[in-house]
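# Results of the structural survey
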Number of protein chains: 4
Amino acid sequence: VSVRDEKNEAKTGKMWGGRFAVSLDPAIHRFTTSLPFDQRLARYDLLGSLAHARMLFERGVLARDAAAPILDGLAGMLRDVESGSLAVSGDDEDVHSWIERVLGERIGEPARRLHTARSRNDQTAVALRLYVRDAILRCHRAASSLAQVWLEQAAEHTETLLPGYTHLQRAQPVTLAHHLLAHFWSLRADNERLEAAYARAGTSPLGAGALAGTPHPIDPARTAALLGLPRVFPNSMWAVADRDYVVETAFACALLLVHLSRFAEEVVLWTSAEVGFAKLADRVAKGSSLMPQKKNPEPAELLRGKSARTIGDLTALLTLLKGLPLTYNSDLQEDKEAIFDALDTCEASLRAAAVLAGGLELDVAKMRAALHGGFLTATDLADGLVVRGVPFRTAHEQAGAAVQMAERRGLELWELPLDELRVACPRADEDLLGALSPEASLRSRRSPGGAAPAQVREQLELARAALDKGLRFSAEQRPSPIRLAFEQGRLLDEEIV
Amino acid sequence: VSVRDEKNEAKTGKMWGGRFAVSLDPAIHRFTTSLPFDQRLARYDLLGSLAHARMLFERGVLARDAAAPILDGLAGMLRDVESGSLAVSGDDEDVHSWIERVLGERIGEPARRLHTARSRNDQTAVALRLYVRDAILRCHRAASSLAQVWLEQAAEHTETLLPGYTHLQRAQPVTLAHHLLAHFWSLRADNERLEAAYARAGTSPLGAGALAGTPHPIDPARTAALLGLPRVFPNSMWAVADRDYVVETAFACALLLVHLSRFAEEVVLWTSAEVGFAKLADRVAKGSSLMPQKKNPEPAELLRGKSARTIGDLTALLTLLKGLPLTYNSDLQEDKEAIFDALDTCEASLRAAAVLAGGLELDVAKMRAALHGGFLTATDLADGLVVRGVPFRTAHEQAGAAVQMAERRGLELWELPLDELRVACPRADEDLLGALSPEASLRSRRSPGGAAPAQVREQLELARAALDKGLRFSAEQRPSPIRLAFEQGRLLDEEIV
Amino acid sequence: VSVRDEKNEAKTGKMWGGRFAVSLDPAIHRFTTSLPFDQRLARYDLLGSLAHARMLFERGVLARDAAAPILDGLAGMLRDVESGSLAVSGDDEDVHSWIERVLGERIGEPARRLHTARSRNDQTAVALRLYVRDAILRCHRAASSLAQVWLEQAAEHTETLLPGYTHLQRAQPVTLAHHLLAHFWSLRADNERLEAAYARAGTSPLGAGALAGTPHPIDPARTAALLGLPRVFPNSMWAVADRDYVVETAFACALLLVHLSRFAEEVVLWTSAEVGFAKLADRVAKGSSLMPQKKNPEPAELLRGKSARTIGDLTALLTLLKGLPLTYNSDLQEDKEAIFDALDTCEASLRAAAVLAGGLELDVAKMRAALHGGFLTATDLADGLVVRGVPFRTAHEQAGAAVQMAERRGLELWELPLDELRVACPRADEDLLGALSPEASLRSRRSPGGAAPAQVREQLELARAALDKGLRFSAEQRPSPIRLAFEQGRLLDEEIV
Amino acid sequence: VSVRDEKNEAKTGKMWGGRFAVSLDPAIHRFTTSLPFDQRLARYDLLGSLAHARMLFERGVLARDAAAPILDGLAGMLRDVESGSLAVSGDDEDVHSWIERVLGERIGEPARRLHTARSRNDQTAVALRLYVRDAILRCHRAASSLAQVWLEQAAEHTETLLPGYTHLQRAQPVTLAHHLLAHFWSLRADNERLEAAYARAGTSPLGAGALAGTPHPIDPARTAALLGLPRVFPNSMWAVADRDYVVETAFACALLLVHLSRFAEEVVLWTSAEVGFAKLADRVAKGSSLMPQKKNPEPAELLRGKSARTIGDLTALLTLLKGLPLTYNSDLQEDKEAIFDALDTCEASLRAAAVLAGGLELDVAKMRAALHGGFLTATDLADGLVVRGVPFRTAHEQAGAAVQMAERRGLELWELPLDELRVACPRADEDLLGALSPEASLRSRRSPGGAAPAQVREQLELARAALDKGLRFSAEQRPSPIRLAFEQGRLLDEEIV
């Protein structure tokens, strides 16, 4: 074993090997390298490294003559990566090794001091947490955009009647606004879950080292603050073993996609010839390579399908973690592609859904027409009988009988002659008959949260306030102190707060 | 169609049928009935019904002469169900039909007025929400109990050394307290997720009707308050279609079980002949039907396996919801068995884990012995060289060379003669050599969150505070106003707050 | 430790404990006992035990005076279990312990010799394999019944026209027979997978002991033959660790359920007011507790939802096995509830689907009407132009233009005046115009496997042959030799072949 | 709408649009394009297109003057794609559109005739089937290679003793060969499943058109034969809707990876300091960026983790298909990335596992040493007592008592003085004592499939035969007739068989 010269530069991108006589089998290298996918983390690792180096400098672990070239070198790399003039490439085992290698090529010996008081275990985790938080914010904003489309459409359609469905059977008259707002509230809950995942990812693991902390006088709270992370790890072993922030994020994405799949299913249904509640604008539909007459709701179908993918990502992540002993195990390397995919899918799907929602050409006449012939106000008949003293169960049975009568006669409920109606419903009267039109039915649904236009307008206000809350949340997330210091070129000497 | 007599009692447990000429095929009945599993909801549906009836009475929808027997009848049923003197049975299609049928048998005609202004869609959802919240609380408490076991063990072992592992390879000395606390923090996050799921389940859907609200002058905020639910649905269509509270709860259970599986894996490892860090007390181990010498960690293995089950439950629930159009669809009936199973598994696993953790007979001598021979302080050597001015990468290489040297010589790192060590590490000195024992290494890990005993004692305080926060949360959840009124027998005339 | 008297009877249902001073914690007992669910295996374990005892007797390991009471006692228990006069109950840790305990209570000392040369590891596995094979056969037969319903409906509807859909958009005319047969072929593949899983489960593990075989002169091939299992384990460690037969079966169930969910989705669509291709007979539909007019396709929705459950079961099983070292681990105990649920769900869903399919009241007039207005024969126009020398891409564009023209004019394609059509499609002629009716289009789809009635009739023959093949498979599975010997009361002295 | 000139070339890669006024929204285009991932299908689509064109020519649907340039142009593209001189690029919506566009650029008008009598629905499916079959074969071969490594190691270690484990507790002595062969048999079953999936994928959908077949006189059996596919679709609707071949393949991959995860877990355990049954060669291990002494089994950990990924892929695929009505829906586009990932992971993992298995430096002394101190022959004692007339249960208890005695005395079972042993086991004798060494125990496990060396040598012969069967299967899969004709440059005029 030769003692290496302290000035000797790292020649490969491997951060270890002092004890290894033979180099890695190429097939094993290909199998274990994460560079093809973790290169996405380059920007985040560079920010993490900047914060780490700055803290080491502040704490006196790195002298000025090492800290200056390191901060300068990392900043240069970050600039070049963001401008596109520096691309991740090479045979390194991961993006962290690549960064250290390139830094060494650029600044020489000081680069060999950067890894002081950290390990790849905490280094990777902090980069991934920063990445996840950024991507969550993008999803959150995209969700707000989609919510806004729905709110605008809802505002226009507080008086547009269509059937509400249960079991895909026409049930009772509702308004289009009410229907769209039902989707809105699910998406609002999705954004709350994204906010919770964002908070979960906001615990900095930097300073945990491999698993036990470090003897160097570091300040993990300082690196956390520099990186804009509100909390710091309580336990170094936990810090390198924990992936809750990844799994929670994947879950938030999966449930969000499930909600989009429900909307997408309705787009597919509504644009079918059979339902016809909407047509797709040409800009959101596709044609057939064979059938010239086709106009297919492919974006909606794909949206529906994408939910399966994120459910798969979540399953993979939970299964991955199952049965792993403490602390870091290389299985965790598999967390990245799954969470990248879940977040990519989430953001792209939200953007597509917003365009798709905006490309729906609604056919309110068809909607209104669908209120006829299905006896959608039979419940109103029962409810009216209740008001007139009939027990609900009995009223339900009488209304059922009235439906059969109307069906046989080919009439709407409200078209039944009163005396005939009274055969089935002895307590029926003219007022009750008048309450059986779809419009009257809808107006009567005045209970809080109900489908009546007045209630829906109140609900719209609530929805706007909820949306605003979400918008404020994302607006409040600011670039981190280290990022601002980088942008303003004051990484070394000035105070960073 | 015969007009039914208003006095006519419901003879079957079916809440509908006025329009149906033929009764359900027996195979279809068996396939669609939920009574075999939703009977668990009986207590919760009775509470929901009490709140509904009370509100209807307060709002004048139910007159006193109907409300009194209904409230009385429901209270009697609840008492009998809880005492075990009334068992759910029969051929009803679900527990809601069973309750209405039995109520009818007990109080006659007024029972037919109970379903006024509600549908099974909102009725089922509120009962399931109440059930889920109760079960979450049980899980939350069981998690606190397990946490307490770990905290107590940690308090005893702040000076007990053992190797910390990465990649199941001995890495650096840590204390047993630090190791156990790593599990603690994961479980604390689990309880935070359970709290979030509890809050999510706290939105009352009662009053949404089938999907559109109701013309009756109901007060959904009042039923919510009576049931101890802090929020009320904003949109009636959303209220009957949403199952986020189920999926979020299942997710919290699955991730919790994954954490338990990591602990369980360690119990299996630690009690193996090869590791030997612990033996299992007889009360938590099982033997072999064939091999008389065996003592098997079956509870730990089963705990590990149970995680798979809850991942399956979560997958099922997300898949179930995928692509469903608004609003209620019978697919949702499948939510129950999955969430029951996830919550049952979660609670039982937590209770078993607490007993298992308490049944670990730790072998601290074996733990300490495992610190030898693996060069676990090589990082300390590198860190010490860094302090002496060597760049970390170079120090890492030199320490690697020192490891090879010690390995060849069959010595511990700290047993190497200084002059020999200096061949690999020119800047090494006596002080550095003295820093290479496991004890010295451990004491040096003084960074915040690190493994040094002093840091771990601070961490213990944080952990106790976190546990207390959890205990306060569960202590603050009180019986609902309607429950208290039921217990105090003042359901009708006195004010309920 | 007291030396036990050889005559001493086991007093508890525990098969071990010689080395244990303290008995199991009650919470751990509840957590680890499998009796509540593995009691389903009682019949299969008794058969396995009969075969084991008979083989031991044949090989001289059990003397006649032990073998006779054992065989007799086991046969009595099997009779009583099947007649219902003996129910599994008690505090035993599993059904195997229960059987041995009850046998001991019935026949005394010889019962203590039954476990010679086996372990619960191979004992459980063989019982589960027998159970799985039986349940697979039930599913296979239920699938054939459903297939038969579809074939009968197809035979009636080889000339019934309806639109074929892609993207839920009307695409081209097909026949109802063709549509139903598409589902048939998927189900046929499901039965092939069930047959493969049946074969996979047909390897006997009995004789593997705990993991290493046994010194007793046993004959695993003989027990396999007695149990009707065609193959015997090649490796004793593999035999107790393998659960491929469980996972493969769960997969076959899950994919089958996914196929049923596709059919179910169509039932939901077809019975909606909007599509109206079918109505549900009263015996397969359900009503609403609130809305008297409703007729809900609940069995179809539930069928759709059940697929999620089996996907969850499969996920659980795969996740369960992940990362388990050889050989048997108690995690495997979790295989049972998942596979029981998958098989139960599969069989019940198939039976419900057959009743549901038979309860569809098809509305062929609505189907035919749906062929109009959607330009479903535009492809025929393009194809006709191709025959007339136009390149397909050009023909596709011209046909697209013709569709726009017809749409503007409010005409069907075949109603366009030829000279107008020729503006879009210069090579169109009278013959081509005549080929554009739905009927003509359908008749033209004469390519093999195509939708033309003649082709569909040929396909029906293929389908009948495929169904017959499946029926032959299940008919060929006969009771095992040990089962027949049991039924004929000749377990001890006569030859069993 | 302008009538397009028949000579007009397609300018974009879109195969439709005649009816669309506005082009696709860019966000929707990005969301829906499959080109970034389905470009892998280029070679397979070109082969499918060659077969289609050749068949159209044989059937007279394409005249020679169209067929010649088409076949020539496709062959040129295939050559260029395979040589790397033609890369998939551009803005096309999928690889099929790209191929038709490039073909058009190369050969002009005849390219517009290629899509005659097919749709992208059958075109995509046939390309994916061909891809899947190719990739399955690669996995199958890689599995055979890994199996071979195990067989070779087993052949060397038929006499190498180590403990067999249940519950990760030492159970009974086995040989290393027996242990390795247990993994072999699981992998053999995996290859059988891959063969079944290969067969499932061998049904050609080409000729199904969009969903209804075609009026052109095509010959689907001929295209199937040209492509080496042994079967042809029975039903055109089924052909474009079915994805069983994808799901079955994903399942085979997932279960295979689960098996690899079990082997990987053992590599992690065996190379731990605690077990020490093996060391990793430097070429298959990795080091630590922080801890110089570490040698981590990262390839094994990653292998274990990869199983989670394929379980996720399978879950995604099943969930994707759930609830889709007939026939083709764009959700199916999501099948590709999941199955590509599953197959990539499967092949790469198998190759890595083979290198890893070969890089295990086994420590047979450690293995042998692990046989001591754990009373692994207690079962032999019990079995010996049974031979001497003691009922097994009693023998089990006595052996348990002997274990406790030996434990207290600090002796191995076979070191106990006979008179002391007889206190626990009255019928013990010298012969029995002599049977209690690990070697004697192992030799006694002579039952078929047992661990005794003689049995294991027989098993090795079975395993070699099974491996040969697999090798023959993959060797028998030959290039398809169209591929051979392409390679021999005789696509147009000569007979292709």
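Residues numbered from 1 in each chain as written. Chains lettered and ligands numbered in written order. Predicted model: local features only at pLDDT ≥ 70, side-chain atom pairs only at ≥ 80, totals over all residues. Heavy atoms only, no water.

### Focus on the relation of the copies chain C and chain B
Under the fitted operation, chain C is carried onto chain B by 0.0 Å of movement along the axis and a turn of 180 degrees, and the coordinates agree to an RMSD of 0.0 Å. On this basis, the relationship between the two copies can be described by a two-fold rotation axis. The position closest to the rotation axis in chain C is occupied by the C-alpha of Gly312 of chain C, lying 2.0 Å away. A shared interface surface links the copies, since 100% of the contact residues of chain C are contact residues in chain B too. (Least-squares fit on C-alpha atoms with pLDDT ≥ 70 in both. Contact = heavy atoms within 4.5 Å.)

### What to know about the state of the cysteines
Residues and elements named next belong to chain D. Scanning the entire structure with this criterion turns up zero disulfides over all chains. For the unlinked cysteine Cys253, the closest cysteine sulfur is that of Cys346, found at 4.0 Å. The exposure class assigned to Cys253 is buried, which follows from its relative accessible area of 0%. (Disulfide = S-S within 2.5 Å. Buried < 20%, exposed > 50% of the residue type's maximum accessible area, 1.4 Å probe, protein only.)

### A few points about the relation of the copies chain A and chain B
The two copies are related by a screw motion: chain A maps onto chain B through a turn of 180 degrees and a shift of 0.0 Å along the axis, at an RMSD of 0.0 Å. Taken together, the interface assignments show that 100% of the residues at the interface of chain A recur at the interface of chain B, consistent with an identical surface on both copies.

### Regarding the pattern of salt bridges
By the definition in use, this model includes 168 salt bridges over all chains. One network of salt bridges, with partners in common, ties together Arg188, Asp190, Glu192, Arg193 and Glu195 of chain A together with Arg200, Asp244 and Glu248 of chain B. (Salt bridge = Lys/Arg side-chain N within 4 Å of Asp/Glu carboxyl O.)

### Topic: the side chain of His115 of chain D
Checked against the element boundaries, His115 of chain D lands in the loop between α5 (95-107) and α6 (120-156). In this structure the side chain of His115 of chain D is engaged in a polar contact, spanning 3.2 Å, whose partner is the side chain of Arg118 of chain D. (Helix = DSSP H or I, 4+ residues; strand = E, 2+ residues; numbered from the N terminus. Polar contact = N/O pair within 3.5 Å; in protein donor to acceptor, adjacent residues only side chain to side chain.)

### A few points about the side chain of Asp380 of chain D
Residues and elements named next belong to chain D. Counting through the fold element by element, Asp380 comes out in helix α14 (residues 378-387). Accessibility expressed as a relative area gives 6% for Asp380, which makes it buried. A polar contact of 3.0 Å, which involves the side chain of Asp380, links it to the side chain of Ser441. At 3.0 Å, the side chain of Asp380 forms a polar contact with the side chain of Arg445. Leave out the neighbours within four places in its chain, and Asp380 touches Leu432, Ala435, Leu436, Ser441, Ser444 and Arg445.

### Description of the interface of chain C and chain B
Listed per partner, the contact involves 62 residues of chain C and 62 residues of chain B. With both sides pooled, the region where chain C packs onto chain B buries about 5,500 Å², and carbon together with sulfur makes up 61% of that total. For the pair chain C and chain B, the interface holds 10 salt bridges. One salt bridge in this structure joins Glu337 of chain C and Arg309 of chain B, with 3.0 Å as the shortest N-O distance. (Buried area = accessible area lost by both parts, 1.4 Å probe.)

### Quick word on the environment of Ser236 of chain C
Looking at the element boundaries, Ser236 of chain C is found in helix α9 (residues 236-241). Between the C-alpha atom of Ser236 of chain C and that of Leu206 of chain C, which follows or precedes it by 30 residues, the distance is 9.0 Å. In this structure Ser236 of chain C touches Ala208, Leu211, Ala212 and Gly213 of chain C together with His178, Gly449, Gly450 and Ala451 of chain D, once residues within four positions along its chain are discounted. A distance of 2.7 Å separates the side chain of Ser236 of chain C from the backbone oxygen of Leu211 of chain C, its partner in a polar contact.

### Considerations on the interface of chain A and chain B
Quoted interface sizes are often the accessible area lost when the parts come together. With 114 residues of chain A at the interface, the matching set in chain B holds 115 residues. Of the roughly 9,900 Å² buried where chain A meets chain B, counting both sides, 57% is carbon and sulfur surface. Put simply, chain A and chain B have 10 salt bridges between them. Salt-bridge contacts for Arg112 of chain B lead to Glu397 of chain A; the nearest nitrogen and oxygen are separated by 2.9 Å. Summed over the shared surface of chain A and chain B, the result is 54 residue pairs in polar contact (both at pLDDT 80 or more).

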